[in-house]
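# Summary of structural features
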Amino acid sequence: MHVCFLSQEFYPIPGGAGRYVFELSKSLASLGHKVTIITKALNPSSKEKDTFSNVLVLRAKTSSSSLYLIEVPKILEKVKRAEHIDIIHSQIPFLSDLFVRKDKINCPIVETVHSLTVQEVRGLKYEPITNLSPYELRLFFAWPFLSLLEAKVIHRCDSVITISKSTAYETINFHHIHPSKLNLVYLGVDTHVFREYPESSEFIREKHRVNGPLLLYVGRLCARKNLITLLHAIKQVVKKYSSLKLLIVGGGGKNYKQYLIRLADILGIKDNVSFVGYVPDEILPFYYSACDIFLLSSWHESLGFVLLEAMSSAKPVIASNVGGVPEIVQNGVTGFTFNPNNHLELAQKIILLIEDSNLAKRIGKTARKYILNNHDWRKIARRTLSVYEKTIER
């Protein structure tokens, strides 16, 4: 089967949709399928054609999102002239196939809904507008128009994949899609990469001068991730465990980062919090392995790669009870969930896991076993293939 992915986000640009396409395309290729990816240029000197793991990557001549959307149909037409495409697989919310005409390509389209615009915006209402990044501001004001475009591609496509039951429910209710069009296929994780690394863990702890419990957050520094609640929770925990260290891994807007640094100072926890910044993919697994507890306090998560990565690394996770999170984080079994409005609840659960190391280890091992059984990428690739086959047969 020849699968053609359309995605504005793609490696090495960070982001969930880009990671999804990168990992899924590798897994499909390893199963013997032909895979082509049409994505944006990284910069003006980017090669238009590249390959990795038997996957062909075609980059548009532009890094502009708007111009990329215009170029996609032209590149797609060239690919189709050269050889047959069995399925086109596009990503929402990026609408890469917005200008693709189905009557011209004569090929089924599958959309993966990573997150709906309405879901993304819902979390922003809890933040002062001054805390929003430029992207979040555009989203906040343009979401009704973006939702209309989103509806267009969802209704036009042949099948929809959602990465959680929560996202499926939202898609059915907000866009009035018949349930028969939807297919639930969860995200995957590379379980060979995200595992325990005892020796490297010690290096990370020494590098960041950790002498007590080590907590970890991985993700963008933006309002939707609700790091304010996380910092307020750390203030409570530090009263009992003054040697605690929270590592915040990830890039984001400089203004928002400075705001968080000032907040940590005001809360009296600046020595307990380190803003690590961007960490390369080859180093990131060592950070997961080094931590005692992984934390995610987002206002919204359809599912979250970082949760799967932490769980695959045999770490107990504490995450907001939003979106698809409760579908994989079972309280007291594979982790804990909490109300993202309640920093005291988060603090209590952090303290519980610090005080009961046996519980923390047991949860981490159970989480790893759950991931191995349900979220290995080759299993996800086979489930996705079954969606392709069902779509082609219609």
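The next subject is the overall build of the chain. Counting its secondary structure elements, the chain contains 15 helices and 14 strands. When the backbone C-alpha atoms are referred to their principal axes, the chain occupies close to 65 × 45 × 40 Å. By residue count, 57% of the 394 residues in the chain fall in the buried class. For the chain, restricting intrachain contacts to residue pairs at least 6 apart in sequence, the fraction spanning at least 24 positions comes to 69%.

Further remarks concern the packing of helix H11 (residues 305-312) against helix H14 (residues 357-374). Taken N-terminus to C-terminus, the directions of H11 and H14 make an angle of 115°; their axes are 7 Å apart at the nearest point. Comparing their axes, H14 and H11 come out roughly perpendicular. Side by side, H11 and H14 meet where Leu308, Met311 and Ser312 of the first sit next to Gly364, Ala367, Arg368, Tyr370 and Ile371 of the second. Of the residues assigned to the contact of H11 with H14, the class counts are 5 nonpolar, 2 polar and 1 charged.

Attention now moves to the packing of helix H8 (residues 227-238) against helix H9 (residues 254-266). Relative orientation of the contacting elements H8 and H9 amounts to 20°, with a least axis distance of 10 Å. As far as their axial angle goes, H9 and H8 are roughly parallel. Crossing of H8 against H9: the hand is right-handed. For the pair H8 and H9, contact is made by Leu227, Ile228, Leu231 and His232 and by Tyr256, Tyr259, Leu260, Leu263 and Ala264, respectively. Its residues assigned to classes, the contact of H8 with H9 shows 8 nonpolar, 1 polar and no charged.

Attention now goes to the nonpolar core. Core analysis: the largest hydrophobic core is formed by 95 residues, its most contacted members being Phe294, Leu295 and Ile350. Here the element with the most residues in this core is H8; it accounts for 8 residues. With near-sequence residues (within four places) excluded, phenylalanine 294 lies in contact with Leu216, Tyr217, Val218, Tyr288, Val306, Leu307, Ala310, Pro316, Val317 and Ile318. Within the second largest apolar cluster, 30 residues are counted, among which are Ile38, Val79, Ile109 and Leu116.

Further remarks concern the environment of proline 326. Residue position: proline 326 is located in helix H12 (residues 325-328). Distance from proline 326 to serine 166, taken between C-alpha atoms, is 9.4 Å for residues 160 residues apart in sequence.

One non-glycine residue, asparagine 226, adopts positive backbone phi at about 55°. Structurally, asparagine 226 can be placed in the loop between strand S9 (214-218) and H8. Look at asparagine 226 and you get buried, because its relative accessible area is 1%. If you check the backbone angles, alanine 314 has positive phi at about 65° while not being a glycine. Considering the arrangement of structural elements, one finds alanine 314 in the loop between H11 and strand S13 (317-320).

Direction of pairing for strand S3 (residues 49-52) relative to strand S4 (residues 55-59): antiparallel, over a ladder of 4 bridges. Its bridge partner being in S4, lysine 49 is matched across the sheet by leucine 58. The hairpin formed by S3 and S4 contains 2 residues between the paired strands, and serine 53 there has a positive phi angle of roughly 45°.

With parallel pairing, 6 strands are arranged side by side in an open sheet as S11-S10-S9-S12-S13-S14. Because the sheet does not close on itself, it has two edges, and the strands there are strand S11 (273-277) and strand S14 (336-338). The sheet shows a mean angle of 25° between the axes of neighbouring strands, direction not considered.

Rules of the game
Residues numbered from 1 in each chain as written. Predicted model: local features only at pLDDT ≥ 70, side-chain atom pairs only at ≥ 80, totals over all residues. Heavy atoms only, no water. Helix = DSSP H or I, 4+ residues; strand = E, 2+ residues; numbered from the N terminus. Buried < 20%, exposed > 50% of the residue type's maximum accessible area, 1.4 Å probe, protein only. Contact = heavy atoms within 4.5 Å. Axes fitted to C-alpha atoms, helices over the stretch in contact; angles between N-to-C directions. Parallel < 35°, antiparallel > 145°, perpendicular 65-115°, else oblique. Nonpolar A, V, L, I, M, F, W, Y, C, P; charged D, E, K, R; others polar. Left-handed = near helix turned anticlockwise from the far one by under 90°. Core = buried A, V, L, I, M, F, W, Y, C linked by side-chain atoms within 4.5 Å. Pairing = 2+ DSSP bridges.

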